[in-house]
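Chain by chain, the residues run as shown.
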Amino acid sequence: MDFALSDEQQMLVDSAKKLSRDYLAPLLAAHPKDAPLPKAAMLEAYAHFANFGITAARLPQEDGGPGLSMVDYGLILEQIPAILALSLISHDGSITRLNAGAPEHIKAAYLPDLIAGRKIACTANSEPGAGSDSNTISTRLELAGQHATITGQKAWITNASICDVMVVACQAGMNEKGRPITRRVLVDRSTSKIEIRETEITGLRQGHLSEVIFDQTQVPLDHVIGSSGDAGKYMTLAWNGNRPLLGLLGVGIAQRAFELAVEYAGVRKQFGKTLGAHQLVQQDLADIQTAIVSSRLLCLYALDALDRGERANGTSAMAKRFATESAVRAVNLAMQVHGAMGITEELGLEQLWRDARVLQVPDGTPGILALIQAREITGEAAFR
Ligand SMILES: Cc1cc2nc3c(=O)[nH]c(=O)nc-3n(C[C@H](O)[C@H](O)[C@H](O)COP(=O)(O)OP(=O)(O)OC[C@H]3O[C@@H](n4cnc5c(N)ncnc54)[C@H](O)[C@@H]3O)c2cc1C
């Protein structure tokens, strides 16, 4: 076991920091901080991701993927601003969901542009009536003649309003146990009609989250990918990778808050000495650092388990729950160190706090993640 980064990993981290500092942070700063970025700005960010080789991080090398380990991908993502990193996780997870079991001509038609960052992908699984209980989707898929038809509504879909292609989880009838038979369907927005409405939320407000409505949306039959009933499996495989990655976005946010708190504690004086010389403020700083380091280690541990070929359901769930909850706690403490300054919009800590809070929801709420972990501990599924 070696906790030190290799020279190559240190280079990846340094390059990701430089990319964020020189290009991504200025790109975000050039746009209103409370409104979704224009697609042109997102494509600019994706062009940088493509240069870095991270647009399809989880795509197998034989299909054009970069052969990046999950640990290395996580080390990079921690350094990328969370709204862009969340978009990228959705994009690259969608590429793997599109790729698995797709015919060669579909891969040839879509993968090059997605890998080059010229097109953006997303995955639509959640529905107004199917959130944590993701197997109960009701968006219907009907196969007739030369077309498949999709009817239904999706909710909370990252990237939907800026995407070119969407992997949609649909229900194609019921099995003998009365559970939906799920299918993955590729919807190309240049040829299929869908309605998209942006949803406003508390944080990550330069990002894109939408409702999607399919009103007898037609797609070619060969856009129905994989085999009957396999959508749930491919959703879960990507979720297991996404969870520690989202945890690391929380770590990145907490690290920024920590740096602000350390700086402020070194200059602000009360009772004749700097805040950082007071014992309770020292404890706050120690608690924030402990939250960051323990979260980072747990997320990298989960990603390493995935790299070693483990399914890592429980470990990934544990990592995301711990890291995203710790991030909210850490930012809150950093705000406390700043007193009234901590809650000003000017400083940006309140935005980090709202951003960190949002990360608790996608790909599993803390409650559901605890149940996934405890299912492995007890052998009992306590969801129903
Ligand atoms: C920023 C963001 C991005 C997202 N991106 C996507 C995306 O790209 N694609 C997509 O398909 N979806 C996406 N989602 C949706 C997300 O996956 C769901 O919101 C999430 O799974 C929770 O579902 P829900 O909101 O319907 O909550 P619900 O399932 O209604 O849960 C509400 C509360 O009840 C608790 N709860 C539910 N069931 C149980 C139980 N059995 N036992 C104990 N407690 C329980 C939950 O923990 C939660 O606290 C995104 C959401 C957000 C906020």
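Criteria and cut-off values
Residues numbered from 1 in each chain as written. Predicted model: local features only at pLDDT ≥ 70, side-chain atom pairs only at ≥ 80, totals over all residues. Heavy atoms only, no water. Helix = DSSP H or I, 4+ residues; strand = E, 2+ residues; numbered from the N terminus. Rg over C-alpha atoms; globule rule 2.2 N^0.38 Å. Buried < 20%, exposed > 50% of the residue type's maximum accessible area, 1.4 Å probe, protein only. Contact = heavy atoms within 4.5 Å. Areas by Shrake-Rupley, 256 points an atom, 1.4 Å probe, with all protein chains shown as cover. Lys, Arg positive; Asp, Glu negative; His and termini not counted. Charge placed at Lys NZ, Arg CZ, Asp CG, Glu CD. Near = heavy atom within 4 Å. Polar contact = N/O pair within 3.5 Å; in protein donor to acceptor, adjacent residues only side chain to side chain. Nonpolar A, V, L, I, M, F, W, Y, C, P; charged D, E, K, R; others polar. Expected span 1.5 Å × (residues − 1). Core = buried A, V, L, I, M, F, W, Y, C linked by side-chain atoms within 4.5 Å. Domains from an automatic or database assignment. Buried area = accessible area lost by both parts, 1.4 Å probe. Salt bridge = Lys/Arg side-chain N within 4 Å of Asp/Glu carboxyl O. Patch = residues over 30% accessible without salt bridge, like charges linked within 9 Å, V, L, I, M, F, W, Y side chains within 5 Å. Axes fitted to C-alpha atoms, helices over the stretch in contact; angles between N-to-C directions. Parallel < 35°, antiparallel > 145°, perpendicular 65-115°, else oblique. Left-handed = near helix turned anticlockwise from the far one by under 90°.

As for the overall build of the chain
Within the chain, the regular secondary structure consists of 10 helices and 10 strands. In terms of C-alpha radius of gyration, the chain reaches 21 Å, essentially the compact-globule figure of 21 Å for 384 residues. Taking the principal axes of the C-alpha coordinates as reference, the chain spans close to 80 × 50 × 40 Å. Scored against the burial criterion, the 384 residues of the chain give a buried share of 52%. Considering only contacts in the chain between residues 6 or more positions apart, those separated by 24 or more positions represent 74%. Roughly 17,400 Å² of accessible area belongs to the chain as shown, and the carbon and sulfur atoms make up 53% of that amount. In the chain, the 36 positive side-chain charges and the 42 negative ones have mean positions that sit 3 Å from each other.

A few points about the site of the ligand
As a matter of local geometry, the ligand sits amid 19 residues, with S126, S132, W156, T158 and T365 nearest to it. Within the contact set of the ligand, a nitrogen atom lies 2.7 Å away from a side-chain nitrogen or oxygen of S126. Contacts to the ligand include F383, whose backbone N or O atom sits 2.9 Å from a nitrogen atom. For the ligand, whose free accessible area comes to 980 Å², the fraction covered by protein is 65%. Those elements giving two or more residues to the shell around the ligand turn out to be β1 (121-124), β3 (147-158) and α10 (366-378). Per-class residue counts for the shell around the ligand are 10 nonpolar, eight polar and one charged.

Some thoughts on helix α4 (residues 82-99)
Look at α4: 25 Å from first C-alpha to last across 18 residues, which is about the 26 Å you get at 1.5 Å a residue. With 18 of 18 residues buried, α4 lies mostly within the body of the structure. Just beyond α4, the residue with positive phi is G101, at close to 80°.

Quick notes on the nonpolar core
Where a protein is soluble and globular, its nonpolar side chains tend to be buried together. Residues F49, Y73, L77, I80, L84 and L249 are the most contacted members of the largest nonpolar core, which totals 73 residues. If one sorts the elements of this core by residue count, helix α6 (residues 231-267) sits on top with 13 residues. When residues of this core are assigned to domains, at least three map to each of domain 1 (7-115) and domain 3 (233-378). Residues contacting L249, with those up to four places away along its chain left out, are L77, A82, A85, L86, I89 and L359. Core analysis: the next-biggest nonpolar cluster, separate from the first, contains 18 residues, A124, C163, M166 and F214 among them.

What about the domain arrangement of the chain?
One widely used convention gives an interface's size as the accessible area the parts lose upon coming together. Per the domain assignment, the segments making up the chain are domain 1 (7-115), domain 2 (121-227) and domain 3 (233-378). A C-alpha centroid distance of 22 Å is found between domain 1 and domain 3. Regarding the contact of domain 1 and domain 3, the summed buried area is about 1,800 Å², with carbon and sulfur atoms giving 66% of it. For the domain 1 face of the interface with domain 3, the top three residues by lost area are M70, E78 and R97, together amounting to 37%. Where domain 1 packs against domain 3, one counts one salt bridge. In this assembly, domain 1 and domain 3 are joined by seven residue pairs in polar contact (both at pLDDT 80 or more). Breaking the side of domain 1 that touches domain 3 down by element, the ones donating at least two residues are α3 (70-77) and α4.

A closer look at a nonpolar patch on the surface
On the surface, M1, F3, V293 and L297 cluster together into a nonpolar patch covering about 520 Å² of accessible area. Looking at the secondary structure, you find L297 in helix α7 (residues 279-307). Given a relative accessible area of 42%, L297 falls into the partly exposed group.

A look at the packing of α4 against α6
At their nearest, the axes of α4 and α6 sit 10 Å apart, and the two run at 165° to each other. Considered as vectors, α4 and α6 are oriented roughly antiparallel to each other. Both α4 and α6 take part in a crossing whose hand is right-handed. Contact residues: A82, A85, L86, I89, G93 and R97 in α4; Y234, M235, A238, W239, N242, L245, L246, L249 and I253 in α6.

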